[in-house]
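# Descriptive analysis of the structure
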Amino acid sequence: MATDTRDDAGWPVPPRPPEGVVMWNINTTCNYRCSYCTQRFLDDRTRWARDTPRFLEGFRRLPGRWEVKLSGGEPFLHPTLMDIVAGLAEMGHHVSVVTNFSAGTEKLDRFLEAAGAALRVFSASLHREYVATEQEETAFIEKARHVMTRLPPGASFHVTCVATRANLPVLPELVQRFAAAGIRLKVQPEKQQRDVIAYTAGEQAQILALGGHNGLGMLAPSFQGRPCWAGAYAFTLDDRGAAWRCYPARRYRQEYLGNFLDGTFALRETAQPCQYAYCNCTVPIERGMMARS
């Protein structure tokens, strides 16, 4: 498909991605209880994907190569994380992870060894309700540099921090401190009840000056109407095997793709318009699932 192909509404249709991406929440378990966490109202914070062999068999059936982005909860609390990572790498899939970075260096090293050359993105979340002092920040940075020195060629590392009102005054200094250590720190607007909180104009300007949501230059990205390959080359997956086209689809319980484990799961065949006025996940746009403009 040519890159200048447009749909009936005039939006550019991107070419088929070279690989897919699965956003897999492998557990709801977390050792943190951040006041701004979007998952803090879940009924059950103790669940984890229990049938590793069946999940791995599902990934083996996927066509082509995929990047499997592991998150939670806190994925490093999953009891078979290393088996999952090693299994995905053995199949030729890529592995990425989003973590609160509370795991010790020994466990982090085991993860890096299991992923090997398959590792693509390591994303560490800086939660200042748990990393509050200068000493704790220094330890966080030292651990980050430890991981960065062990990344395989082509892999990337970054840190994210939620732009709560408590964090806003210190974020510019934090970004500079991490940059001085060779670490990119991305900001993420705070969300409550599915949407970005009502920042003042001045607060919005400060977040945009720091790059906006995950460095996209926007506060609340909207791609509504744009053709997107999510559902065909991207989907979200929970610890019970339920699959949705994307995170907004999962949030609104729309565009269900079936269960990854029971034979009802099916990918779409074409790029289809985004249905949502706010996309809280930057994976599709960053992985070329839709045109940026």
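Read on for a plain summary of the structure. Nothing here was measured: the structure is a model prediction, and the numbers come from that model.

Conventions adopted
Every chain begins its residue count from 1, and numbering advances along the sequence as written. Thresholds applied to this predicted model are a pLDDT of at least 70 for local features of residues and 80 or more for the giving and counting of side-chain atom pairs; totals over whole chains, interfaces and linings are not thresholded and use all residues. Think of the side-chain values as coming from all heavy atoms in the structure, minus any hydrogens and water. Numbering of helices and strands runs from the N terminus; a helix is a DSSP stretch of H or I covering at least four residues, while a strand is a stretch of E covering at least two. Atoms counted for the radius of gyration: C-alpha only. Globule rule: 2.2 Å times residue count to the power 0.38. Whether two residues are in contact is decided by their heavy atoms, any of which lying within 4.5 Å being enough. Accessible surface area values rest on a Shrake-Rupley calculation with a 1.4 Å probe, where residue burial reflects the displayed protein chains alone. When charges are tallied, Lys and Arg are placed among the positive residues and Asp and Glu among the negative ones, while His and the ends of the chain are skipped. For this purpose, a charge sits on NZ of Lys, CZ of Arg, CG of Asp or CD of Glu. Any pair of Phe, Tyr and Trp rings, taking the six-membered ring for Trp, is counted once the centres come within 6.5 Å. Such a pair is stacked with planes under 30 degrees apart, edge-to-face with planes over 60 apart, and tilted for the rest. A ring is scored as having a charge over it whenever the NZ atom of a lysine or the CZ atom of an arginine sits within 6 Å of its centre and within 35 degrees of its normal. Put simply, buried Ala, Val, Leu, Ile, Met, Phe, Trp, Tyr and Cys residues joined by side-chain atoms within 4.5 Å make one nonpolar core. Accessibility here uses a 1.4 Å probe with only protein chains present; expressed as a share of the type maximum, an area under 20% marks a residue as buried, one over 50% as exposed, and anything in between as partly exposed. Here the arc refers to the directions that run from the helix axis out to each C-beta atom.

What follows deals with the overall build of the protein. When its secondary structure is counted, the protein shows eight helices and 13 strands. Relative to its length of 293 residues, the protein is compact, with a C-alpha radius of gyration of 19 Å against a globular reference of 19 Å. Taking the principal axes of the C-alpha coordinates as reference, the protein spans close to 50 × 45 × 40 Å. If you take every contact in the protein between residues at least 6 apart in sequence, the share linking residues at least 24 apart comes to 73%. Of the roughly 13,300 Å² of accessible surface on the protein, 49% is carried by carbon and sulfur atoms. Taken together, the 34 basic and 30 acidic charged side chains of the protein have centroids lying 2 Å from each other.

This brings us to the packing of aromatic side chains. With the rule as written, the count across this model stands at 19 aromatic pairs. A connected cluster of aromatic rings, assembled from ring pairs, spans W24, F55, F59, W66, F235, F260 and F265. Over the aromatic face of F101 sits the side chain of K143, whose NZ or CZ is 5.1 Å from the ring centroid.

The next point concerns unusual backbone geometry. For residues other than glycine, phi is negative in most cases, and the peptide bonds are mostly trans. Note that the residue after G72, namely G73, is joined by a cis bond; omega there is 15 degrees. Its place among the elements puts G73 in the loop between β2 (66–71) and α2 (81–91). Here the phi dihedral of N214 falls at roughly 55 degrees; this positive angle occurs in a residue that is not glycine. Structurally, the position occupied by N214 is in the loop between α6 (201–209) and β9 (227–228).

Of all hydrophobic cores here, the largest spans 61 residues; its most connected members are W24, L70, F111, F122, F157 and F235. When near neighbours in sequence (up to four residues on either side) are disregarded, F157 contacts F101, F122, A124, A144, V147, M148, L151 and I183. By size, the runner-up hydrophobic cluster in this structure holds 24 residues, among which are V21, A234, C281 and M290.

What helix α5 (residues 171–180) keeps buried is the set L171, L174 and F178. Around the axis of α5, the buried residues are gathered within 55 degrees of arc, so they sit on the same side. Exposed residues on α5 whose side chains face more than 90 degrees from its buried face are E173, Q176 and A180. Each element contacted by the buried residues of α5 is listed here: α4 (134–148), β5 (156–163) and β6 (184–189).

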